[in-house]
Amino acid sequence: MKMKYESERPLYLDSSQPIDRRIEDLLARMTLEEKIGQMCQYSGITGEYERMIREGRIGSLLNVVGVDETNRVQRIAVEESRLGIPLIFGLDVLHGYKTIFPIPLGLASTWDPDAVREAASIAAAEASAEGIHWTFAPMVDIARDPRWGRIAEGAGEDPYLGSVMARAYVEGYQGKSLSEPDTIVACPKHYVAYGGAEGGRDYNTVDISERTLREIYLPPFRAAVKAGAKTVMSAFNDLNGVPSSANPYTLRTILRGEWGFDGFVVSDWNAIGELIVHGVAGDIYEAAEKALMAGVDMDMQGDVYNRALLRLVKEGRIPEESINEAVRRILRVKFMLGLFERPYVEAERAKRIVKCKEHLEAALKIARKSIVLLKNEGNLLPLSKHIDSIAVIGPLADDREAPLGPWSCLGDPRDVITVLEGIKSKVSPRTRVLYAKGCDVEGSSRDGFDEAISAAKESRVAVVVVGESRDMSGEAACRAHLDLPGVQEDLLKAVYATGTPIVMVMMNGRPLSISWPAEHIPAILETWFLGIQAGRAIADVIFGDYNPGGKLPVTFPRTVGQVPIYYNHKNTGRPPAPNIKWTSKYLDIPYTPLFPFGHGLSYARFEYSGLEISPLEVWRGDVVRVRFKVKNVGDCEGDEVAQLYVRDVVASVTRPVKELKGFRRVTLKPGEEETIEFTLTLEDISFLNYEMRRIVEPGEFKVMVGSSSEDIRLTGSFIVKEYVELPLWG
Ligand code: GLC
């Protein structure tokens, strides 16, 4: 039943009015049931949900997609409910909408925030064109445990790299203003420390120190909020005994108190209802009360707010003002999006935008940048396009699904270019391309080995594409082992035994403990899941049309027994020393990683020189400039990601042996040299002392510049001359 308009349009529908006035005008017109309705989100659409929408008892839907369907459902809200409040449609647009980019771990491997921003911006343009207003992304959980399948969804193990990427995603999704039609609301998730799950087991307990919470897990969320993210998703996990979706310390004290976050918080899927399962709520009323009073504004798919809040208010257990506070935040985002003015989308516009030529080209460009050359012994790569025969082997060599990776939104496997297709379209007409699947990703069958062996024997080179299927990472996809699944390593060994040189192409959503391949296979490409242009990008790299420049955003362990293993570790009192028994290491494997954080090779070679640090004595207010040169001394153009690490040598609490504090991806022609300059403020080198206050203490700071966290090319140091206390957050 449509609200009878007064003689003139109600103020909340007048877009010339300030948003806050529109909110208050609308709020004053809403019944308590309608207010609670704005705080309820459901997945999909049913007859029951349509009825609830007409009654103003749903504020948001997720997983409703397509121009026709979103318009149809939106019409119910706008034209058939009393106040006509538009729905906000949410969707997991993590690495593309229909033009699918590399998974976020692959995007992080570009070490190029501009590329990430561009991918997010394209995803926003496509999603908004088809009626989506809000993405549950970026996932900014720091992950130090590759057993955790969701490591695939984020930017890896480092808070600095993770923060730079978090900002780039938010800027890409939200653009300059959410009132622009091709933007969508960002939602950094999963707040907070979800990646710290014990055992790398999804949804498991997180118990970490306050310092680890604040120095490792919070910074990317801080960066996303600082970049203007207008929603945050609260996580499933309990954090130090208090579930993140009922945690006033993280949600109010930090998120709103320390950071001034003014958007709204949505719970993860039924995370409010799961407070009962956590054992911190006896029923839906306690769950609703805890979540709302902690600061969760919207209930995703839990149906808890819908069933419990009215009674809680009527019984006086929660003040209606708490409801008003949440509804104001939700309405503010809807007004900022311009939903009241533009509730519908046009099919014509969507047709022009979705999967347009420019987007597909960007997907190829970014996929290329995501590829990491882990090994290239004897410069086996790049291959000649005129090679007379090449075997393309492996369960993922011609697989259309895997390259989409987990959370591939509306990606269509029919759009995917496989590795086999990419290679076939690249080589000369006279090149014999022999394909053999060899085996499945999982399973023990070796029936396909003979065909693979024959193909390898008849070929100059064998490209073997191995790894994980796309559902072996992402949510609820944890692995206790990190080896290549199934008999894939045996397939590699069988092909290796033919003597034909192998180029190993990996498709995976996490670091894998590929010790045998790393020792025996001459060339290895880490491609993650590269999206719809996977085959083209990989073929471009294999045949040298693109020189790989990606770097690892996560450490590769030799075996799962090393986990957790990460580069920014503490020194301990007995750092590992191979020849001294009484030091921190293992008896049965080397203590070093298989491939370190920041590692990635190139077909070119880069030399670093001329490190200058100024000033060498640093006082309050100083900015330290670190300048050096990088030169391409190879014979082809290439990208290098120069990395800056810093170590606080002596401090009042133990500090990491190195911390990433700057990076730059540069493209250099053969012989070309570029001067790179990083600046370090005192905030950049500050830390939380014993009392959890942000400070910089006098003393020496080591500066390390290099091509990876282990491949340090230049070192120097500067001295801080005085004790400086800083604001908790910059
Ligand atoms: C899931 C995920 C979250 C996602 C949400 C909606 O359970 O944890 O990342 O955004 O549900 O699909």
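Residues numbered from 1 in each chain as written. Predicted model: local features only at pLDDT ≥ 70, side-chain atom pairs only at ≥ 80, totals over all residues. Heavy atoms only, no water.

Moving on to the pattern of salt bridges. Per the counting criterion, the structure on display carries 63 salt bridges. Residues Lys-669 and Glu-637 are paired through a salt bridge, measuring 3.2 Å at the closest nitrogen-oxygen approach. A residue pair is termed long-range when its members are at least 10 positions apart, and Lys-669 in the loop between β20 (659-668) and β21 (673-680) and Glu-637 in the loop between β18 (624-632) and β19 (638-648) qualify at 32 residues. Take Glu-637: its relative accessible area is 40%, and that puts it in the partly exposed class. (Salt bridge = Lys/Arg side-chain N within 4 Å of Asp/Glu carboxyl O. Helix = DSSP H or I, 4+ residues; strand = E, 2+ residues; numbered from the N terminus. Buried < 20%, exposed > 50% of the residue type's maximum accessible area, 1.4 Å probe, protein only.)

What follows covers the sheet that holds strand β3 (residues 88-91). As summarised here, the arrangement of the 5 strands in space is β4-β3-β2-β1-β9, forming an open sheet in which the pairing is parallel. Each having just a single partner strand, β4 (134-135) and β9 (299-300) make up the two edges of the open sheet. (Pairing = 2+ DSSP bridges.)

Take the site of the ligand next. As a matter of local geometry, the ligand sits amid 13 residues, with Asp-92, Arg-150, Lys-189, His-190 and Asp-268 nearest to it. His-190 has a polar side-chain atom sitting 2.6 Å from an oxygen atom of the ligand. Expressed as a share of its isolated accessible area of 310 Å², the protein-covered part of the ligand is 94%. Of the residues contributing to the shell around the ligand, the split by class is 7 nonpolar, 1 polar and 5 charged. (Near = heavy atom within 4 Å. Polar contact = N/O pair within 3.5 Å; in protein donor to acceptor, adjacent residues only side chain to side chain. Areas by Shrake-Rupley, 256 points an atom, 1.4 Å probe, with all protein chains shown as cover. Nonpolar A, V, L, I, M, F, W, Y, C, P; charged D, E, K, R; others polar.)

This part takes up helix α18 (residues 449-457). Turning to α18, its buried residues are Phe-449, Ala-452, Ile-453, Ala-455 and Ala-456. Buried residues of α18, seen end-on, are gathered within an arc of 160° and therefore sit on one face of the element. Facing away from the buried surface of α18 by more than 90 degrees, the exposed residues are Asp-450 and Lys-457. In the core, the buried residues of α18 are packed alongside β11 (389-393), β12 (432-436), β13 (461-467) and α19 (488-496). (Arc of directions from axis to C-beta. Contact = heavy atoms within 4.5 Å.)

Domain boundaries in the protein chain define domain 1 (29-349), domain 2 (363-562) and domain 3 (606-726). Domain 2 puts 6 residues into the contact, and the matching count from domain 3 is 9 residues. For the pair domain 2 and domain 3, the summed buried surface comes to about 540 Å²; carbon and sulfur atoms form 40% of the total. Here domain 2 and domain 3 share 1 salt bridge between them. Scanning the region where domain 2 abuts domain 3 turns up 5 residue pairs in polar contact (both at pLDDT 80 or more). (Domains from an automatic or database assignment. Buried area = accessible area lost by both parts, 1.4 Å probe.)

Here the structure, examined in full by the defined rule, presents 23 aromatic pairs. Here the aromatic rings of Tyr-191 and Trp-259 are separated by 6.1 Å at their centres, their planes lie at 65°, and the arrangement is edge-to-face. With Tyr-191 in the loop between α7 (159-174) and α8 (210-217) and Trp-259 in the loop between α10 (248-258) and β8 (264-267), the pair connects residues that are 68 residues apart, well separated along the chain. For Tyr-191, a relative accessible area of 0% translates into the label buried. For Trp-259, a relative accessible area of 8% translates into the label buried. A ring pair is formed by Tyr-567 and Phe-597, whose centres lie 4.4 Å apart and whose planes are at 10°; its orientation type is stacked. Placement of the pair is Tyr-567 in the loop between α21 (534-542) and β16 (606-614) and Phe-597 in the loop between α21 and β16, with a sequence separation of 30 residues. A residue is classified by how much of its surface remains accessible, and Tyr-567, at 6% relative accessible area, is buried. Exposure remark for Phe-597: the relative accessible area of 0% places this residue in the buried category. Clustering of aromatic rings is evident, with ring pairs tying together Trp-111, Tyr-160, Tyr-567, Phe-597, Tyr-645 and Phe-663. (Phe/Tyr/Trp six-rings, centres within 6.5 Å; stacked < 30°, edge-to-face > 60°.)

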